[in-house]
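What follows is the residue order along each chain.
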Amino acid sequence: MKRTVAEAFACRGEVRFAELSILFLLALPLFAGPATVIQNATILTITKGTFHGSILIRDGKIVEAGEKVLTPEGARVIDASGQYVMPGIIDCHSHIAADSINEGAVAVSSMVGIEDVLNSEDPDIYRALAGGVTTANILHGSANPIGGKCMVLKMRWGKDVPGMIFEGAPPGIKFALGENVKRAGSPGGGFGATPGLRYPATRMGVEDVIREAFLRARAYQKEWRDYQAQVDRHESAVPPRRDLQLEPLVEVLEGKRYVHAHCYRADEILMLLRVADDFGFQIRTLQHVLEGYKVAKEIAAHGTGASTFSDWWAYKAEAYEAIPYNAAMMVRAGVLVSVNSDSAELMRHLNTEAAKAMKYGGLNETEALSLVTINPAKQMGIDRRVGSIEPGKDADLAIFDKHPLSNYAKVTKVFIDGDLYFDRDKDLEERPGKALRKKALEDKLKAQEKKEKKKPEQPEKRGEDPGGPQ
Amino acid sequence: MKPLIAVLFAAASAAVFAQSPGAIALRGARVVTVSGPVLEKGTVLLRKGLIEAVGENIDLPKDAWVIEAQGVTVYPGLIDALSTVGLPETPAPAPPARTPAAPAFGPQGPVEPLEQGPQFRPFTTTWVRAADLLNPADSRIEAARSAGFTSAAAFPANGIFAGEGAFLNLSGQKQGRMVVASPIGQYATLATHGFGTYPGSLMGVIAYIRQVSLDAGHYQLAVQAYASHPAGRQRPNYDRAVEGLLESPRLLLPADSAVQIDRMLRFAAELKRPAVLYGGHAAYEIADQVAKSGVPLLIDLKWPERAKDADPDQPESMRTLELRDRAPSTPAALEKAGARFAFYSGGTAAKDIRKALKRAVDAGLSQAAAVRALTLSAAEIYGVADRVGSIEPGKIANLVAVKGSLFDEKAKIEYVFIDGVKYEPVPEAPPGERGEHTEPGGLE
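Residues numbered from 1 in each chain as written. Chains lettered and ligands numbered in written order. Predicted model: local features only at pLDDT ≥ 70, side-chain atom pairs only at ≥ 80, totals over all residues.

Participant: Outline the overall build of chain A, listing residues and values.
Facilitator: Tallying secondary structure elements over chain A gives 14 helices and 16 strands in all. For chain A, buried positions account for 50% of its 470 residues. Contacts spanning at least 24 positions in sequence make up 68% of the contacts within chain A whose residues lie at least 6 apart. (Helix = DSSP H or I, 4+ residues; strand = E, 2+ residues; numbered from the N terminus. Buried ≥ 20, exposed ≤ 12 C-beta atoms within 10 Å, placed from the backbone. Contact = placed C-beta atoms within 7 Å.)

Right, dumping it as structure tokens:
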């Protein structure tokens, strides 16, 4: 079962990246840039075993990883003796780097997208890097049954917004079920509650909203198909009005956009899988999915991934039935599982979040690390590019001073596309200078403020000058 | 026939320019034409509200009243490139009523498309025209004039699509006389009005603007198709919201930080509508990108400062500090990069404009570029450079005369001309008192 699911995910990725791979192979000999070699490290490839050796990087890609790798002349050598290299960590659920998260005023907000509000200056990007994260799925919030479009980013700190976007990553959309969603329809419902009350107020209503939205999406799809047929028959026709709310849902129906659905309870998970079956689309991942262990077989049978917390629960009624064995149990049932953060803080130590699945559920090291690398990569449809250390993949790498599954491990360096984006030593070294520069600027601005304040009093003061006594 | 028309015209202009002479000459002034070279001892000849001639050696007609302007620098009248001057302060529009059939997906009844048609256009008044709202008695007109402004691009400011702006001459004359051009653009904001009303988030507002823009394109198509062959076709619904957008020659979008400027430049390119960005304080970070985009930037002369009630113990981020330090260097960076930009007063009191301008000049902006940004560049951005913005024959006689240089904070503004009519600045009055001002047309 597990293989089938994995294959299903891999196949989808293959089509998308086939072109890119060919381009890459063609481009390689033509644009061979300077090489980087990371030497003497313990290399956790995730998919090709663990060994002591080196990694050769060129033009942003991993060229070779092995026990004996020839160092080309002029290559930049990074000695990682005693250190551990793993693929850059991938977070399948994050809300950093965006200036707004929830469009909660409507039950279906598929017209909005995180891409429109990305903020490449959010310091959480750098902090995530410092935790070894190189890629994250930036999701809309969970205020409504059908939320906004999400965006896959690489943590290329210092780049502008277009420079952060994971080029070619399949588009996605957020769905949400349960308490957050129906709260806006409950009188006095707390966060997200709207004065006028917003449908739905119950889990039944949530299902209705999703079904109704897809009925409308189908009608909209037909409208465009009819128009296309008219055009094909060379009849003159005015194209239908573009509806930005329904367009992403048509893409979901056509398998062109991944659904990442926030959920908790087993019953609502099964409900969503049934709705998806009825409309003929797939739920790409269930997010949080704290009761996933109860319906793991059903989730696996649908080829749906699960992205969960390690041990974060009981923050609301629907999060009470959670167990820390959830991730491991779902893995054993053949579900493609990842562990996510949903938090700018948790995001900085996803390696130890993954490690908890070894204590609770007995996953082995590779299985545990897969939860934050190759598995989320598959869930996001980017596993041809990232998620493991293999020749041809992006050189997105995190170097730890100790084994990344250890509580004591610290990130020393992080590479994205072969470029160094985080260097712990450099960061520490630069801190005093940065503090000084900031202090100097603060003083300069304070002095300016003082000068501004004084100005109106100048005439009086002039009168008091020794040179001009009254 | 011809003499009759001439007589009628003379009568008409006499009515408009009561007590004004046939022509006025400013003689011996330093003339900063902006479009051409600076004349050290130049003369500007005005007639019937227009500039008739400018030069160092021009023959003055016999009927010209001469103003000796030695020691005075004459610039084209300053333009406030974004303002609400002359417009009433209207409260923000109320959020649309939440009816069962509106944004929610009611289980009953036919499914209504969301946000379609005027009734589902929240915070949208694209059709409101500044030119129609004008109040010539607005005291801000006089204050702006006293600071050397002869024109302003005035826009309604409430809502997401606030309405259509007008290019005004700040004469305080009759409404119709003040309007130089209308509509000159659509003023958009990215304001949200609470979590409970769509759009309730920044991304919601952006998505909403995108949808309205697409609807406008579709509406145009549908209306044209119907007009060409109405028989047998479904009639498109009249939609004043998109009508207002369609008649606006450009869309004004807010952007202050580098992230916002980058975001709005990409958004404007996507909308395929001519755009102008306003705010622009952090554009020094991405001046080259702004230049490359060709999108003009209106820079707020209200430079960022620490909030008066800021907690002194609350540390500010390096980014905030840098912005406050470097925002006044934005115009210089844009000049260097070759970007198009103009200035607007923002929250700056008219009397503090020159102080704010000086900070930009101290930060490296050339004086020539500073004057241009306050005159011809603003006119170009709004497509009225054929009428205002420089001292050239044929253009509207909008001038400002400064005793000395505009860049000397203490130099007095002697008088301004608007439509060829002379105004003297109101002396700065203590709060509560209103200064007297010279009536238009009066010459001592």
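Picking up where we left off.
Participant: An account of the confidence of the model for chain A is requested, with residue identities and associated values reported.
Facilitator: Averaged over all residues, the pLDDT of chain A is 90; the fraction at 70 or higher stands at 87%. This model gives residues 457-470 of chain A a pLDDT under 50, and the stretch forms three contacts once residues within four places in sequence are excluded. (pLDDT = per-residue confidence, 0-100.)

Participant: For the domain arrangement of chain B, give the residues involved together with the corresponding values.
Facilitator: Many authors give the size of an interface as the accessible area that is lost as the parts come together. All names here are of chain B. What the domain assignment reports for chain B is domain 1 (1-76 + 390-444) and domain 2 (77-389). Across the contact, 25 residues belong to domain 1 and 24 residues belong to domain 2. Of all the elements in the fold, those that place two or more residues in the side of domain 1 that touches domain 2 are strand 5 (72-76), strand 16 (399-403), strand 17 (413-418) and strand 18 (421-423). Looking at the side of domain 1 that touches domain 2 element by element, the count peaks at three residues for strand 17. In the side of domain 1 that touches domain 2, the residues fall into 17 nonpolar, four polar and four charged. (Domains from an automatic or database assignment. Nonpolar A, V, L, I, M, F, W, Y, C, P; charged D, E, K, R; others polar.)

Participant: Got a sec to walk through the domain arrangement of chain A? Specific residues and values, please.
Facilitator: Residue and element names in this part refer to chain A. Here the domain parsing of chain A yields domain 1 (2-7 + 89-386) and domain 2 (32-88 + 387-423). Summarising the inter-unit geometry, the C-alpha centres of domain 1 and domain 2 are found 30 Å apart. The interface is formed by 28 residues belonging to domain 1 together with 22 residues belonging to domain 2. Where the side of domain 1 that touches domain 2 is concerned, the elements lending two or more residues are strand 6 (89-94), strand 7 (133-138), helix 10 (350-359), helix 11 (365-370) and helix 12 (374-379). For the side of domain 1 that touches domain 2, the per-class residue count stands at 14 nonpolar, nine polar and five charged.

Participant: Break down the pairing of strand 5 of chain B for me, citing the residues and quoting the values.
Facilitator: Residue and element names in this part refer to chain B. With five of five residues buried, strand 5 lies mostly within the body of the structure. Judged from the two bridges that link them, strand 1 (residues 23-32) and strand 5 form a sheet pairing that is parallel. From the neighbouring strand, Val-31 faces strand 5, where its bridge partner is Val-74. (Pairing = 2+ DSSP bridges.)

Participant: Mind laying out the sheet that holds strand 6 (residues 78-83) of chain B, listing which residues take part and the relevant values?
Facilitator: Residue and element names in this part refer to chain B. On the basis of which strands lie adjacent, the open sheet formed by four strands has the order 6-7-9-10 and mixed pairing. Each edge of the open sheet is held by one strand with a lone partner, namely strand 6 and strand 10 (179-181). If you compare each strand with its neighbour and ignore which way they point, the axes differ by 30 degrees on average. Note: strand 9 (residues 166-169) against strand 10, two bridges, orientation antiparallel. By the bridge assignment for strand 10, Leu-168 is matched with Val-179. (Axes fitted to C-alpha atoms, helices over the stretch in contact; angles between N-to-C directions.)

Participant: Can you break down the sheet that holds strand 9 (residues 172-176) of chain A residue by residue, with the values?
Facilitator: Backbone-to-backbone hydrogen bonds join strands into a sheet, with any given pair of strands oriented parallel or antiparallel. Residues and elements named next belong to chain A. In space, the eight strands of this open sheet follow the order 6-7-8-9-10-11-12-13, with mixed pairing throughout. Each of the sheet's edge strands pairs with one partner strand only, and the pair in question is strand 6 and strand 13 (337-339). In this sheet, neighbouring strand axes are inclined to one another by 25 degrees on average, regardless of whether the strands run parallel or antiparallel. Inspection of the sheet shows strand 7 paired to strand 8 (residues 146-154) by four bridges, in the antiparallel sense. Bridging across to strand 8, Ile-138 finds its partner in Met-151. Sheet strands in contact with helix 10 are strand 6, strand 7 and strand 13, and its direction is about 130 degrees off that of strand 13.

Participant: Pulling in residues and values, what's your account of the pairing of strand 9 of chain B?
Facilitator: Residues and elements named next belong to chain B. Side chains Ala-166 and Leu-168 project from strand 9 onto one buried face, and the interleaved Phe-167 and Asn-169 project onto a second face that is buried too. Bridge count between strand 7 (residues 149-154) and strand 9: four bridges; the pairing is antiparallel. Of the residues in strand 9, the one forming a bridge with Ala-152 is Leu-168.

Participant: Provide a residue-level description of the interface of chain B and chain A, including the pertinent values.
Facilitator: Facing the 39 residues of chain B at the interface are 44 residues of chain A. Elements with a minimum of two residues in the side of chain B that touches chain A: helix 5 (202-228), helix 7 (258-271) and helix 9 (318-326) of chain B. Examining the composition of the side of chain B that touches chain A, we find that 13 residues originate from one element, helix 5 of chain B, more than from any other. By residue class, the composition of the side of chain B that touches chain A is 21 nonpolar, eight polar and ten charged.

Participant: Would you mind going over the packing of helix 5 (residues 203-232) of chain A against helix 7 (residues 266-279) of chain A in detail, with residue names and values included?
Facilitator: Residues and elements named next belong to chain A. In the contact formed by helix 5 and helix 7, the axes pass within 11 Å of each other and the chain directions differ by 20 degrees. Classified by the interaxial angle, the pair formed by helix 5 and helix 7 is roughly parallel. The two elements helix 5 and helix 7 cross, and the hand of that crossing is right-handed. Packed against helix 5, whose contacting residues are Arg-203, Glu-207, Ile-210, Arg-211 and Phe-214, the element helix 7 presents Glu-268, Met-271, Val-275 and Phe-279 at the interface. Here the contact of helix 5 with helix 7 is composed, by residue class, of five nonpolar, no polar and four charged. (Parallel < 35°, antiparallel > 145°, perpendicular 65-115°, else oblique. Left-handed = near helix turned anticlockwise from the far one by under 90°.)

Participant: Describe the confidence of the model for chain B, naming the residues involved and giving the relevant values.
Facilitator: All names here are of chain B. Looking at chain B as a whole, the pLDDT averages 87, with 84% of positions reaching at least 70. In the predicted structure, residues 1-18 sits below a pLDDT of 50 and forms four contacts with residues beyond four places in sequence or in another chain. Reported confidence for the predicted complex is 0.89 by ipTM and 0.89 by pTM.

Participant: Please set out the nonpolar core residue by residue, giving values where relevant.
Facilitator: Within the largest apolar cluster, 263 residues are counted, with the highest numbers of intra-cluster contacts made by Val-85 of chain A together with Val-74 and Leu-277 of chain B. Non-local contacts of Val-74 of chain B, meaning those with residues more than four positions away in its chain, are made with Leu-26, Ala-29, Val-31, Val-32, Val-44, Ala-69, Leu-399 and Ala-401 of chain B. (Core = buried A, V, L, I, M, F, W, Y, C linked by C-beta atoms within 7 Å.)

Participant: Can you tell me about unusual backbone geometry, naming the residues and giving the values?
Facilitator: Tyr-199 of chain A connects to Pro-200 of chain A through a cis peptide bond whose omega is 5 degrees. Considering the arrangement of structural elements, one finds Pro-200 of chain A in the loop between helix 4 (179-183) and helix 5. In this structure, His-234 of chain A is a non-glycine residue whose phi angle is positive, near 60 degrees. Summarising the element assignment, His-234 of chain A is placed in the loop between helix 5 and helix 6 (247-253). Not every positive phi belongs to a glycine, and Lys-272 of chain B is a case in point at roughly 55 degrees.

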